[in-house]
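Spelled out, the chains give:
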Amino acid sequence: MHRIQPVFLAFLLPTLVVFTLAITVPAVMGIVLSFTDSVGFGEFGFTGLTNYLAIFSDPAILNAYLFTMGFSLVTVLVVNAIALLLAIALTSRIRAKVTLRAVFVLPMVISGIVIAYVFSFLFGNSLPALATSLGFAPLETSILANPDLAWVAIVIVTTWQAIPGTLLIYIAGVLAIPGEVYEAAAIDGASSWRQLISITMPLTAGYIVINLILGFKNFLNAYDIIVGLTAGGPGTSTTSVAMSIFNGFNSGDYSYQMANATIFFVITVVLALVQLRLSRGKALFS
């Protein structure tokens, strides 16, 4: 039996200790406190499943989950559709494609909160001014103040920031397809659309699955962009689960939001398990 050399354990130990103290211990403490009436400090008593039962009957929490799930689903579909098309374009025979790749990747290195504040100015000032000059009444007021349209702004900004990371994965997938496959298809008279449907998408199915699952999990944790754009408003129409948890900590609902965080953690773990299963060879297209 192969023995692990002590030097490897010596390098592993510091990381394991830091991970345990920074992640594992707080997570376990949070789960335990979710069964109490703790306010984050001082004495507390165990209340059993009271917090969990209250969450399932709390319309504010349920609306936060509905918004987060709907926003995540729409955004992941938009991001992957645009990123895949851009990857195909940026790997085709066009001029300055390397430069264009660098330009499209730039949003990935900018802080989400900075992006949100910039777009907040655009949606709140520049866009209404342009709409007014063109006489387009629906956009003469900021869509961030409209409870029916504010989520659209969040999707747009999140998409703008998320496309670069997804794009890089798709570029790697498209470049991995042998050029001879496209040449043979072109000789057989296949159109660009047919090549996309019959060659590109099936051969990048693994990358599509990974991007869909990773993207959906990331968007479930949406926080900074929403804070910078709408702060959860108008009202609570764009409050995400992450925002409801953090806001609860500040308002004294510590144990209640710990229960909320625990439920959210379970959902995330389930999605992680789905990701592992799908990434082990299950294709999106057959």
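Structure's up top.
Cut-offs and rules
Residues numbered from 1 in each chain as written. Predicted model: local features only at pLDDT ≥ 70, side-chain atom pairs only at ≥ 80, totals over all residues. Heavy atoms only, no water. Axes fitted to C-alpha atoms, helices over the stretch in contact; angles between N-to-C directions. Helix = DSSP H or I, 4+ residues; strand = E, 2+ residues; numbered from the N terminus. Left-handed = near helix turned anticlockwise from the far one by under 90°. Contact = heavy atoms within 4.5 Å. Nonpolar A, V, L, I, M, F, W, Y, C, P; charged D, E, K, R; others polar. 1 Å grid on protein atoms, 1.4 Å probe; cavity = no way out; pocket = protein on both sides within 12 Å on 5 of 7 lines; lining within 4 Å. Points joined across faces, edges and corners; volume = space filled by probe spheres on them. Buried < 20%, exposed > 50% of the residue type's maximum accessible area, 1.4 Å probe, protein only. Polar contact = N/O pair within 3.5 Å; in protein donor to acceptor, adjacent residues only side chain to side chain.

Draft legend 1. Quick peek at the packing of helix H7 (residues 179-187) against helix H8 (residues 192-203). In the contact formed by H7 and H8, the axes pass within 11 Å of each other and the chain directions differ by 145 degrees. When you trace H7 past H8, the crossing you get is right-handed. Residue-level inspection shows Val181, Tyr182, Ala185 and Ala186 of H7 in contact with H8, the latter providing Gln195, Ile199 and Thr200. Classifying every residue of the contact of H7 with H8 by side-chain character gives 5 nonpolar, 2 polar and no charged.

Draft legend 2. Structural view of the layout of surface pockets. In this structure, the largest pocket occupies an estimated 550 Å³ of space. Secondary-structure elements contributing two or more residues to the lining of the largest pocket are helix H1 (6-33), helix H11 (241-250) and helix H12 (254-278). When residues in the lining of the largest pocket are grouped by element, the largest group, 8 residues, is from H1. Its residues assigned to classes, the lining of the largest pocket comprises 14 nonpolar, 5 polar and no charged. Together, 14 residues line the second largest pocket, and Thr91, Ser92, Arg93, Tyr182 and Gln195 are the ones closest to its centre. Put simply, the parts of the chain that give the lining of the second largest pocket at least two residues each are helix H6 (150-175), H7 and H8.

Draft legend 3. Inspection of the side chain of Thr75 at higher detail. Structurally, Thr75 is set in helix H3 (residues 59-90). Note on Thr75: relative accessible area 0%, which makes it buried. Reaching out from Thr75, the side chain makes a polar contact with the backbone oxygen of Phe71 at a distance of 2.7 Å. Thr75 has contacts with Val155, Thr158, Thr159 and Phe219, leaving out every residue within four places of it along the chain.

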